[in-house]
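# Chain and residue survey
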Amino acid sequence: MINLTGKIALITGGSRGLGRATAHCLAQAGADIAILDIDDQAATTVEEVKALGRRATFQHTDVSDNAAVREAVASVEQELGPIDILVNNAGIVKNIAPISRMTQEAWQRELGINLSGPFNLIQAIAPGMAERGWGRIVNISSAAARGGLYNQAGYAATKAGLLGLTQNVTLEYAGKGVTCNAILPGIIGTENVMAMPQEIFDQAVRLVPTGRVGKPAEVANLIAFLCSELAGYINGVDILIDGGAALNTVVLGSRKALKS
Ligand SMILES: NC(=O)c1ccc[n+]([C@@H]2O[C@H](COP(=O)([O-])OP(=O)(O)OC[C@H]3O[C@@H](n4cnc5c(N)ncnc54)[C@H](O)[C@@H]3O)[C@@H](O)[C@H]2O)c1
């Protein structure tokens with residue numbers, strides 16, 4: 001059974017979507033929860049976690065800011081105690097353009113949040129985990145890390161970069177009781193995804209053999225498992241959770257097929 005009693009988990013981007021579902025799931029498994037987010041709506045997630053009987057705290061923090069992340073981690077550890085579990089979930093999908101028209105500003109912002117963000121958190125937290133001889137890090141990448149995503153070069157590149165970071169963290173920390181794994185979600189029914197134009201949503205779902213979008217709780221349960229004692233020998237891997245959509249990779253890469 002997944003039991004996280006006594007563990008302290010920090011989740012980035014917990015105001016909604018996968019981060020919020022993960023906060024609920026880890027709290028239900030017994031963990032206390034800290035959330036770092038730039039959206040103050042994360043305070044609501046904190047109240048929801050407290051209603052489950054767990055301790056919880058929220059720090060308004062931009063994960064791309066290394067100094068701010070260090071400060072926030074120190075505050076969390078002062079309030080809740082040393083962090084045992086890190087879920088790098090915060091990410092943006094705002095930079096949608098062909099490479100020829102992608103601005104430097106948008107590219108750098110995407111790198112800052114999707115790739116430097118997880119690096120900043122790992123740099124601030126992993127050494128403490130290693131000293132204490134136990135830790136779990138889960139990086140939320142994307143199926144786009146493998147097949148790319150049309151007109152989203154920055155997103156695909158940062159999510160692929162996150163796999164490289166995951167592997168290196170494993171090499172550095174595996175001998176110290178810390179695991180680091182990545183999850184590659186396909187299309188999951190978070191608020192953002194459900195707000196997609198109906199036509200694009202229908203096209204995307206058509207490519208999922210399971211015939212539906214994933215539920216945030218289904219991803220959160222996988223994260224909870226990877227954060228548990230049960231997953232101690234799973235290290236440095238990336239796990240697809242996509243309803244079988246990767247089997248349609250050739251079709252996904254084809255813009256023409258997406259329009260059919
Ligand atoms: N939903 C999907 O289908 C899907 C698929 C593959 C991968 N993912 C990945 O899963 C993660 C969560 O996805 P989601 O759909 O729940 O996204 P979302 O946009 O609903 O939530 C992202 C969260 O990150 C926070 N955030 C954004 N920028 C931040 C910053 N600079 N600092 C701190 N927090 C910040 C937002 O405020 C929000 O709470 C993302 O990394 C996303 O790329 C999602």
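Before reading further, recall that the structure is shown in the block above.
Bear in mind that the values here come from a model prediction, so they are computed numbers and not experimental data. (Residues numbered from 1 in each chain as written. Predicted model: local features only at pLDDT ≥ 70, side-chain atom pairs only at ≥ 80, totals over all residues.)

This part covers the site of the ligand. Neighbouring the ligand are 29 residues; Gly13, Ser15, Gly17, Gly91 and Thr190 lie closest to it. The set of elements that each furnish at least two residues to the shell around the ligand consists of helix H1 (17-28), strand E2 (32-37) and helix H7 (191-194). Its residues placed into classes, the shell around the ligand shows 13 nonpolar, 11 polar and 5 charged. (Near = placed C-beta within 6 Å. Helix = DSSP H or I, 4+ residues; strand = E, 2+ residues; numbered from the N terminus. Nonpolar A, V, L, I, M, F, W, Y, C, P; charged D, E, K, R; others polar.)

We now examine the sheet that holds E2. On the basis of which strands lie adjacent, the open sheet formed by 7 strands has the order E3-E2-E1-E4-E5-E6-E7 and parallel pairing. Edge positions in the sheet fall to strand E3 (56-60) and strand E7 (238-241), since each has one partner strand and no second. Going across the sheet, the axis of each strand differs from the next one's by a mean of 20 degrees, ignoring polarity. Relative to E3, E2 is paired through 5 bridges, and the arrangement is parallel. Each bridged residue has a counterpart across the sheet, and for Ile33 the counterpart in E3 is Ala56. The strands that helix H2 (residues 42-51) touches are E2 and E3; relative to E3, the one it contacts most, it runs at about 170 degrees. Along the sheet face, helix H9 (residues 216-226) touches strand E4 (85-88), strand E5 (135-140), strand E6 (178-185) and E7 and points at about 165 degrees away from the line of E6. (Pairing = 2+ DSSP bridges. Axes fitted to C-alpha atoms, helices over the stretch in contact; angles between N-to-C directions. Contact = placed C-beta atoms within 7 Å.)

Side chains of E4 alternate between two faces, with Ile85 and Val87 and Leu86 and Asn88 buried alike. Here strand E1 (residues 8-12) runs beside E4; their pairing, made up of 3 bridges, is parallel. The residue bridging Leu10 from the neighbouring strand is Leu86, located in E4. Pairing between E4 and E5: 4 bridges, direction parallel. Residue pairing for E5: Asn88 is matched across the bridge by Asn139. As for the winding sense of the linkage, the β-α-β connection from E4 through helix H4 (residues 104-132) to E5 is right-handed. (Buried ≥ 20, exposed ≤ 12 C-beta atoms within 10 Å, placed from the backbone. Right-handed = clockwise from strand over helix to strand, strands pointing away.)

Along H9, the residues that are buried comprise Pro216, Val219, Ala220, Leu222, Ile223, Ala224 and Leu226. Against H1, E4, E5, E6 and E7 lie the buried residues of H9.

On to the packing of H1 against H2. It is the contact of H1 with H2, at a shortest axis distance of 10 Å, that shows an interaxial angle of 20 degrees. By the angle between their directions, the pair H1 and H2 is classed as roughly parallel. You can see that H1 and H2 cross each other, and the crossing is right-handed. Counted together, Arg20, Ala23, His24 and Ala27 of H1 and Thr45, Glu48 and Val49 of H2 form the full contact between these two elements. Residues of the contact of H1 with H2, tallied by class, amount to 3 nonpolar, 2 polar and 2 charged. (Parallel < 35°, antiparallel > 145°, perpendicular 65-115°, else oblique. Left-handed = near helix turned anticlockwise from the far one by under 90°.)

Moving on to the nonpolar core. One broad rule of soluble globular proteins: the nonpolar side chains tend to lie buried together. One finds Ala9, Leu26, Ile33, Ile125 and Ile223 to be the most contacted residues of the largest nonpolar core, which totals 69 residues. Here this core takes 9 residues from H4, the largest share from any one element. In contact with Ile33, other than residues within four places in its own chain, are Ala9, Ile11, Ala23, Leu26, Ala27, Val49, Arg54 and Ala56. (Core = buried A, V, L, I, M, F, W, Y, C linked by C-beta atoms within 7 Å.)

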